[in-house]
Amino acid sequence: KAELMLEKGKPIEVNPDSIYKPITREERRFNPLKVPKSLEEAQPFRSKQKNSSASKSKSYVSRRAVVMEKSDKSKYTFLQALSTVRNDKTALRKAKNKERMERKRKEREKDDE
């Protein structure tokens, strides 16, 4: 049938049910597993649940200010400067490489014509 339609120059009939559609699935959320305390106490330590709930307020360790000594600070700033130089070099290398690839692509297109 499709060959006849093509010969006549008519468009081929498409069944709308046979067209692929994206599948959208809802993300599944599971309730946390609740083990009775009597059972949990009877289990060996390695089998017990180790799920600790996230604390609502920040702990002292995460809030405290870290003051570096002079030598540590100089090392840290030196490492930052090194990483900045490296990032600049890689950015420059990438830009030059991109430019070179563009030039090559244009030459290839010119040769193909």
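Worth saying up front: this structure is predicted, and the values here are computed from it rather than measured.

Glancing now at the overall build of the protein chain. The number of helices and strands found in the protein chain is four helices and zero strands. Taken from the N to the C terminus, the helices and strands of the protein chain come in the order α-α-α-α. What you see for the protein chain is a C-alpha radius of gyration of 33 Å, clearly larger than the 13 Å of a compact globule of 113 residues, by over 25%. Considering only C-alpha atoms, the protein chain reaches an extent of 80 × 55 × 25 Å along its principal axes. Residues classed as buried in the protein chain amount to 1% of the 113 residues present. In the structure as shown, the protein chain presents an accessible area of about 12700 Å², 54% of it carried by carbon and sulfur atoms. One way to put it: in the protein chain the 32 positive side-chain charges average out to a point 12 Å from where the 18 negative ones average out.

Time to look at the pattern of salt bridges. Enumeration according to the criterion identifies three salt bridges in this entry. With a closest N to O distance of 4.0 Å, E99 and R103 form a salt bridge. A residue pair is termed a helical-turn pair when its members lie 3 or 4 positions apart in one helix, as E99 and R103 do in helix α4 (residues 70-112) at four residues. By relative accessible area, which is 52% here, E99 ends up exposed.

Before going further, it helps to spend a moment on a nonpolar patch on the surface. Together, V66, M68 and Y76 make up a nonpolar patch on the protein surface, roughly 330 Å² of accessible area in all. Structurally, Y76 can be placed in helix α4.

What follows covers the confidence of the model for the protein chain. Confidence in the prediction of the protein chain, expressed as mean pLDDT, is 86, and 91% of residues score 70 or more. Element-level pLDDT for the protein chain is lowest in helix α3 (residues 60-63), with a mean of 77, against a maximum mean of 95 in α4.

A word on a negative patch on the surface. On the surface, a cluster of negative charge is made up of E107, D111, D112 and E113. In this fold, D111 is placed in helix α4.

What counts and what doesn't
- Position numbers for residues count from 1 along each chain, tracking the sequence in the order it is written.
- With pLDDT at 70 or above as the cut-off, local features in this predicted model cover only qualifying residues; side-chain atom pairs require 80 or more to be listed or tallied, and sums for whole chains, interfaces and linings still use all residues.
- The basis for every side-chain value is the complete set of non-hydrogen atoms in the structure, without hydrogens or water.
- Helical segments are the DSSP runs of H or I of at least four residues, strand segments are the runs of E of at least two, and each set is numbered from the N terminus.
- Within these notes, the globule rule equals 2.2 Å times the number of residues to the 0.38 power, and the radius of gyration is based on C-alpha atoms.
- In this scheme, a residue with accessible area under 20% of its type's maximum is buried, one over 50% is exposed, and one in between is partly exposed, where area comes from a 1.4 Å probe on protein chains only.
- Surface exposure here means Shrake-Rupley accessible area, sampled with a 1.4 Å probe, where a residue is shielded only by the protein chains that are shown.
- Counted as positive: Lys and Arg. Counted as negative: Asp and Glu, with His and the chain ends omitted from the count.
- For the purpose of locating charges, the reference atoms are NZ of Lys, CZ of Arg, CG of Asp and CD of Glu.
- Salt bridges, as used here, are contacts in which a Lys or Arg side-chain nitrogen is within 4 Å of a carboxyl oxygen on Asp or Glu.
- Any residue with relative accessible area above 30% and no salt bridge may belong to a patch, with like charges joined within 9 Å and the nonpolar Val, Leu, Ile, Met, Phe, Trp and Tyr side chains within 5 Å.
- As a per-residue measure, pLDDT reflects the predictor's confidence and takes values from 0 up to 100.

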